[in-house]
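Observations on the three-dimensional arrangement
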Amino acid sequence: MKLKLLLAAMTMLTLLSCNKSNDPKKTRDPTEDLAWLKKIKEERAANCACIPSIWQAKYEGSTVYEVGCAGPACLCAHSYYNEDGKNTPGSEGANRTVFLSKISDRKLLWSCSK
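Residues numbered from 1 in each chain as written. Predicted model: local features only at pLDDT ≥ 70, side-chain atom pairs only at ≥ 80, totals over all residues. Heavy atoms only, no water.

Every buried residue of helix H4 (residues 35-45) is listed here: Leu37, Ile40 and Lys41. In an axial view of H4, the angular spread of the buried residues amounts to 100°, which keeps them on one side of the axis. Away from its buried face, by an angle of more than 90 degrees, H4 presents the exposed residues Ala35, Lys39 and Glu42. Contacts made by the buried residues of H4 are with helix H3 (30-33), strand S1 (52-59), strand S2 (62-69), strand S3 (79-81) and strand S4 (103-111). (Buried < 20%, exposed > 50% of the residue type's maximum accessible area, 1.4 Å probe, protein only. Helix = DSSP H or I, 4+ residues; strand = E, 2+ residues; numbered from the N terminus. Arc of directions from axis to C-beta. Contact = heavy atoms within 4.5 Å.)

Below is the structure:
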């Protein structure tokens, strides 16, 4: 009986000691964990002259990834992708201004200068 009680108490303590900081979604690195994004990072890292970068942001509640550059003499278009590596609808062409106005929580994930 005492053994069952002790085992139950230890199980409760173990469950209560877990917290959200151990959540893998909050600690993962998308530039390493998402194969398509890792490939882009490796390709861009080969030439840092244009200061390539990868950003993470929210668009209408979904996570999007922005791939672009910041070099002063470089002309590069920024592309936006969902977690599957597909271009985000509305991020190009005539709707781009509306799309950009809905971007929030933007944070830098990787840059050659980072």
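All right, on to the state of the cysteines then. Each disulfide consists of a covalent bond between the sulfur atoms of two cysteine residues. Applying the stated criterion across every chain yields a total of three disulfides. There is a disulfide in this structure between Cys50 and Cys74, and the S-S distance comes to 2.0 Å. Taking the sign of the S-S torsion, about -85° here, the bridge from Cys50 to Cys74 comes out left-handed. Placement of the pair is Cys50 in the loop between H4 and S1 and Cys74 in the loop between S2 and S3, with a sequence separation of 24 residues. Between the sulfur atoms of Cys69 and its disulfide mate Cys76 the distance is 1.8 Å. Taking the torsion about the sulfur-sulfur bond, which here is approximately -120°, the covalent link between Cys69 and Cys76 counts as left-handed. Residue Cys69 is classed as buried on the basis of its relative accessible area of 12%. By sequence order of its bonded cysteines, the protein has the disulfide arrangement 1-6, 2-4, 3-5. (Disulfide = S-S within 2.5 Å.)

Enumeration according to the criterion identifies five salt bridges in this entry. Note that Lys38 and Glu32 form a salt bridge whose closest N and O atoms lie 3.5 Å from each other. Judged by its relative accessible area of 36%, Glu32 is partly exposed. The salt bridge involving Glu66 is made with Arg106; its shortest N-O contact spans 2.8 Å. (Salt bridge = Lys/Arg side-chain N within 4 Å of Asp/Glu carboxyl O.)

Further remarks concern the nonpolar core. Counting nine residues, the largest nonpolar core consists of Leu34, Leu37, Ile40, Ile54, Tyr65, Val67, Tyr81, Leu109 and Trp110. Beyond its immediate chain neighbours, meaning those up to four positions away, Tyr81 contacts Trp36, Ile40, Thr63, Val64, Tyr65, Val67, Lys86, Asn87 and Thr88. In this structure, Ala57, Tyr59, Tyr80 and Phe99 belong to the second largest nonpolar core, which totals six residues. (Core = buried A, V, L, I, M, F, W, Y, C linked by side-chain atoms within 4.5 Å.)

All we've got here are geometric facts, nothing functional implied.
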